[in-house]
Every structure is written in C-alpha cells, then in structure tokens.
Amino acid sequence: MEIGTMRQEQAASTRKRLLESATQIFTEKGYEGASVRAINRNVNLANGLLYHYFPGGKKELFKAVIEENRNEIFLAIEQLKNEIYIELPLKEMLEKIYMGFVDLIDARLDIVRMFFREKEVLECVSKEQIMQVIGTKDPWIADMLRQKYLRGEVRKMDFEMAGMQIASILINHAVIKMVTDCESILEIPEARKRVIDYQASMWLSI
C-alpha cells in the first residue's frame, strides 16, 4: 500500500473516531455541556488534533454529527418506505409498518432526542427535515392503501386521511419516546392489536 493511501485511510479512520466520540458526548451532555477535551479524551487523541479535522472546532464538529446522523435516519426512513408491504394482508401490513417505525426510532433514540433538544440543530437541519424523523407528509401510506383498494382488498375511502391517521400514530410514538421513558401504544402488543383491528374494521372490504 502506498504511503499516501495509507495516510488517507488513517485520516478517515481518525475522523470517524472523532465523529463517533462526538456523537456519544453530544447525546450524553448536550451541545453546551460537551467539551472538545472530553471528545478527544474519549478516543485518546491529543487535544489539538480535532482542529486539524474540524477547523471550526466544536460547532463544526456538531454540524458534522448532525448531518451524518440526519442522513442515516433519512436513509432508514426510505428503506422502511421501500419495504414490500403491498403483498401482505392489511393487518400484517399495518403491523410491519408500526413495528418497523418502532425499531427505527428505538435504534436511534438518543440521536432523535438530541435533534429536538438542541437549538443548534436548526442551524444544520430545516424544520421540514426534522419532521421527517417523526412523521412524513409523503403519501406513501395513502398510495399503498389505494393500491389495496384497486386489488379489491379494502373499501374505497379517503386514502389521504387514512394515511394521516397512521402517520399520527407513528408521530405519537416518536413524541412519547422523545420526552418520556414510557411505552407508547405501539409497544404494548394488546394495545397495538386493538389499533390494527379497529383500522381493519373500517378499511377492509366486506
């Protein structure tokens, strides 16, 4: 391996370690409570090295943390939306959507909480982008229900309003997890089943 290539890989590895350390410290301490010294010490790096990779210091590093995690969350949301739900019966489709979102939020809960806790986030992410973390105006759910109607599986309905109902339940879960340690209705199997049974009773074709 050439020396230049090796140095590039070492630099990329060090930058990644700094971002991982910063993510941990920012989520634990918040932006104001985090220090460059703590971020460096967490990965055993010299105090001045951070400025080599992030000349703007803590603010630039925080922006990089937000952008990287924002992109990861948006990618996870797109992957959730691209799952093949249409072939599933309605109740199984709803179960998969709800539990997929629960898993998505739970896997990134500290990051999601930081998005809504730190005012500095708004310098890096628009309000519209933040809303994508907990809900979406994208009509993908309505489109799936519309396809199920064309297949004769559900009755004709206001598909947009039905999609909004599902999105509202997803948003409710995200908000509860952001501000409390309580279980949401989606995390309680009996309660989730009641929601799905109720929706199916309204939407299934007779």
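None of these values were measured; they are calculated from a predicted model.

## Some thoughts on the overall build of the protein
- From N to C terminus, the protein includes ten helices and zero strands.
- Scanning the protein from its N terminus toward the C terminus, one meets helices and strands in the order α-α-α-α-α-α-α-α-α-α.
- The buried share of the protein, reckoned over its 206 residues, is 44%.
- Pairs at least 24 residues apart make up 69% of the contacts formed inside the protein by residues separated by at least 6 positions.
- With the model as given, the accessible surface of the protein reaches about 11,700 Å², and the carbon-plus-sulfur share is 53%.

## Observations regarding the packing of helix α4 (residues 57-81) against helix α5 (residues 90-107)
- Two elements in contact, α4 and α5, have axes separated by 11 Å at closest approach and are oriented at 165°. Here α5 runs roughly antiparallel to α4, going by the angle between their axes. The interaxial crossing formed by α4 with α5 has right-handed handedness. Contacts between α4 and α5 pair Ala-76, Ile-77 and Leu-80 from the former with Gly-100, Phe-101 and Leu-104 from the latter.
- Here the residues of the contact of α4 with α5 sort into five nonpolar, one polar and no charged.

## Some points on the side chain of Arg-108
- Tracing the chain through its elements places Arg-108 in the loop between α5 and α6 (109-117).
- A polar side-chain atom of Arg-108 sits 3.5 Å from a polar atom in the side chain of Glu-72.
- Non-local contacts of Arg-108, meaning those with residues more than four positions away in its chain, are made with Glu-72, Ile-73 and Ala-76.

## Observations regarding the packing of aromatic side chains
- In this structure the tally under the stated criterion is five aromatic pairs.
- Judged by centre distance (6.0 Å) and plane angle (15°), the rings of Phe-26 and Tyr-31 are stacked. Neither Phe-26 nor Tyr-31 differs from the other in exposure class; each is buried.
- When the ring of Tyr-149 is compared with that of Phe-159, the centres are 5.8 Å apart and the planes differ by 50°; the resulting orientation is tilted. Here Tyr-149, found in helix α8 (residues 140-150), pairs with Phe-159, found in helix α9 (residues 159-179); they are ten residues apart in sequence, far enough to count as distant.
- Of the residues examined, Phe-159 reaches a relative accessible area of 7% and is grouped as buried.
- Put simply, the rings of Phe-26, Tyr-31 and Phe-62 touch in pairs and so form one group of aromatic residues.
- Positioned above the aromatic ring of Tyr-31, the side-chain terminus of Lys-58 is 4.5 Å from the ring centre.

## Focus on the pattern of salt bridges
- Scanning all chains against the criterion turns up 13 salt bridges.
- In this structure, Asp-181 engages Arg-113 in a salt bridge whose closest nitrogen and oxygen atoms are separated by 3.4 Å. Pair noted here: Asp-181 is in the loop between α9 and α10 (189-203) and Arg-113 is in helix α6, with a separation of 68 residues, a long-range link.
- Looking at Arg-113, the relative accessible area reads 23%, which means it is partly exposed.
- Between Glu-187 and Lys-177 there is a salt bridge, with the nearest N and O atoms lying 3.2 Å from each other. Placement of the pair is Glu-187 in the loop between α9 and α10 and Lys-177 in helix α9, with a sequence separation of ten residues. The same class applies to Glu-187 and to Lys-177, which are both buried.
- A single network of salt bridges, built from pairs that share partners, joins Glu-87, Lys-148, Arg-151 and Glu-153.

## Section: α9
- Along its 21 residues, α9 runs 31 Å from first to last C-alpha, staying within 8% of the 30 Å computed at 1.5 Å per residue.
- Along α9, the residues that are buried comprise Phe-159, Ala-162, Gly-163, Ile-166, Ala-167, Ile-169, Leu-170, His-173, Ala-174, Lys-177 and Met-178.

## Quick look at the environment of Gln-24
- Along the chain, Gln-24 turns up in helix α1 (residues 3-33).
- In this structure Gln-24 comes out as partly exposed when scored by relative accessible area, which is 36%.
- In the structure, Gln-24 is positioned 41 residues away from Val-65 in sequence and 9.9 Å away in space, judged by C-alpha atoms.

Procedures and definitions
- Residues numbered from 1 in each chain as written.
- Predicted model: local features only at pLDDT ≥ 70, side-chain atom pairs only at ≥ 80, totals over all residues.
- Heavy atoms only, no water.
- Helix = DSSP H or I, 4+ residues; strand = E, 2+ residues; numbered from the N terminus.
- Buried < 20%, exposed > 50% of the residue type's maximum accessible area, 1.4 Å probe, protein only.
- Contact = heavy atoms within 4.5 Å.
- Areas by Shrake-Rupley, 256 points an atom, 1.4 Å probe, with all protein chains shown as cover.
- Axes fitted to C-alpha atoms, helices over the stretch in contact; angles between N-to-C directions.
- Parallel < 35°, antiparallel > 145°, perpendicular 65-115°, else oblique.
- Left-handed = near helix turned anticlockwise from the far one by under 90°.
- Nonpolar A, V, L, I, M, F, W, Y, C, P; charged D, E, K, R; others polar.
- Polar contact = N/O pair within 3.5 Å; in protein donor to acceptor, adjacent residues only side chain to side chain.
- Phe/Tyr/Trp six-rings, centres within 6.5 Å; stacked < 30°, edge-to-face > 60°.
- Lys NZ or Arg CZ within 6 Å of the ring centre and 35° of its normal.
- Salt bridge = Lys/Arg side-chain N within 4 Å of Asp/Glu carboxyl O.
- Expected span 1.5 Å × (residues − 1).

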